[in-house]
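Structure at a glance
Spelled out, the chains give:
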Amino acid sequence: MEKKSMLKQVANYGLVTGLILVAYSLFTYIIGQSLNKTLGYLSLVILAICLYLFSKQYRDKVNEGVLTYGQGFTVGLLTGVFAGVLTAFFSVILLTYIDPGLVDKQLELMEQQFLAKGMSEDQVEAAINMSKKWMTPIFLFIGGILSMAFWSALISLITAAVLKKTPSPFSENTTNE
């Protein structure tokens, strides 16, 4: 019963987190800053805030004030995975239908960065060609979900430790069986 309840809750949390991140991505796209690295890192801050708040909400409102480390980690990770599906889907739509030229802009930026690092023209060309192969909709979708899962797991390791709250041994809900 608890698993279904948790899954339903984290799906809702993931939907809200995903919508917030999609709105943020859309905002950065509209203002022409979707390739800005600093603003990209801000999305991780938004993710961390959402994971913290939703893990705390799960502990306090759903789980009667109790949250084991494992539960906290699971809530955060699954929330991030659900959000990752939504944000990855948005990214595929953005890069495939709304602005396919954004991929070319990203590749040009990568090329400039590689040249600035002192890579030869041949090395840069090989790296760009390899990157192009990975910038297909299916790889973007899978990569988006995996990336969100990675960052959510990392953040959840911290939030679970901060929000961990074990039940009191003197609470009325404990039984000696």
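Here we summarise the structure given alongside this text. Every value quoted in this text rests on a predicted model; they were computed, and no experiment measured them.

Further remarks concern the pattern of salt bridges. Counted according to the given criterion, the structure contains two salt bridges. Salt-bridge contacts for R59 lead to D60; the nearest nitrogen and oxygen are separated by 2.7 Å. Here the residues in one salt-bridge network are K56, R59 and D60, joined through shared partners.

For the rest of this paragraph, the subject is the packing of helix α4 (residues 101–116) against helix α5 (residues 121–134). Running from N to C, α4 and α5 cross one another at 150°; their axes reach a closest spacing of 10 Å. By the angle between their axes, α4 is roughly antiparallel relative to α5. Both α4 and α5 take part in a crossing whose hand is right-handed. Of the residues in α5, those in contact with L107, M110, E111, F114 and L115 of α4 are E121, V124, A127, I128, S131 and K132.

For the rest of this paragraph, the subject is unusual backbone geometry. The backbone phi angle of E64 is positive, close to 55°, even though this residue is not glycine. Looking at the element boundaries, E64 is found in the loop between α2 (37–62) and α3 (69–98). Judged by relative accessible area, which is 66%, E64 ranks as exposed.

Before going further, it helps to spend a moment on the nonpolar core. Ranked by size, the top nonpolar core spans 16 residues in total, and within it Y13, L47, Y58 and V75 carry the most contacts. Those elements that provide at least two residues to this core are α1 (2–30), α2 and α6 (137–163). Ranked by the residues each element gives to this core, the list is headed by α2, at six residues.

A word on the packing of aromatic side chains. Summed over all chains, the structure comprises three aromatic pairs. With a centroid separation of 5.1 Å and 75° between ring planes, the pair formed by F150 and W151 is classed as edge-to-face. For F150, a relative accessible area of 48% corresponds to the partly exposed category.

One number sums up the size of the largest pocket: a volume of about 1400 Å³. Considering the residues around the largest pocket, the lining is formed by 36 residues, among which S34, G40, S43, S91 and Q106 are closest to the centre. Contributing elements (two or more residues each) for the lining of the largest pocket: α1, α2, α3, α4 and α6. The greatest single-element share of the lining of the largest pocket, amounting to seven residues, is contributed by α2.

Okay, the packing of α2 against α3 next. Packing of α2 against α3 leaves a shortest axis separation of 9 Å and a crossing angle of 130°. Relative to α3, α2 is oriented oblique. Classified by chirality, the crossing of α3 by α2 is right-handed. The residues of α3 that touch α2, namely those facing L51, F54, S55 and Y58, are G72, V75, G76, T79 and G80. Along the lines of polarity and charge, the residues of the contact of α2 with α3 split into four nonpolar, five polar and no charged.

What counts, and where the lines are drawn
- Residues numbered from 1 in each chain as written.
- Predicted model: local features only at pLDDT ≥ 70, side-chain atom pairs only at ≥ 80, totals over all residues.
- Heavy atoms only, no water.
- Salt bridge = Lys/Arg side-chain N within 4 Å of Asp/Glu carboxyl O.
- Axes fitted to C-alpha atoms, helices over the stretch in contact; angles between N-to-C directions.
- Helix = DSSP H or I, 4+ residues; strand = E, 2+ residues; numbered from the N terminus.
- Parallel < 35°, antiparallel > 145°, perpendicular 65-115°, else oblique.
- Left-handed = near helix turned anticlockwise from the far one by under 90°.
- Contact = heavy atoms within 4.5 Å.
- Buried < 20%, exposed > 50% of the residue type's maximum accessible area, 1.4 Å probe, protein only.
- Core = buried A, V, L, I, M, F, W, Y, C linked by side-chain atoms within 4.5 Å.
- Phe/Tyr/Trp six-rings, centres within 6.5 Å; stacked < 30°, edge-to-face > 60°.
- 1 Å grid on protein atoms, 1.4 Å probe; cavity = no way out; pocket = protein on both sides within 12 Å on 5 of 7 lines; lining within 4 Å.
- Points joined across faces, edges and corners; volume = space filled by probe spheres on them.
- Nonpolar A, V, L, I, M, F, W, Y, C, P; charged D, E, K, R; others polar.

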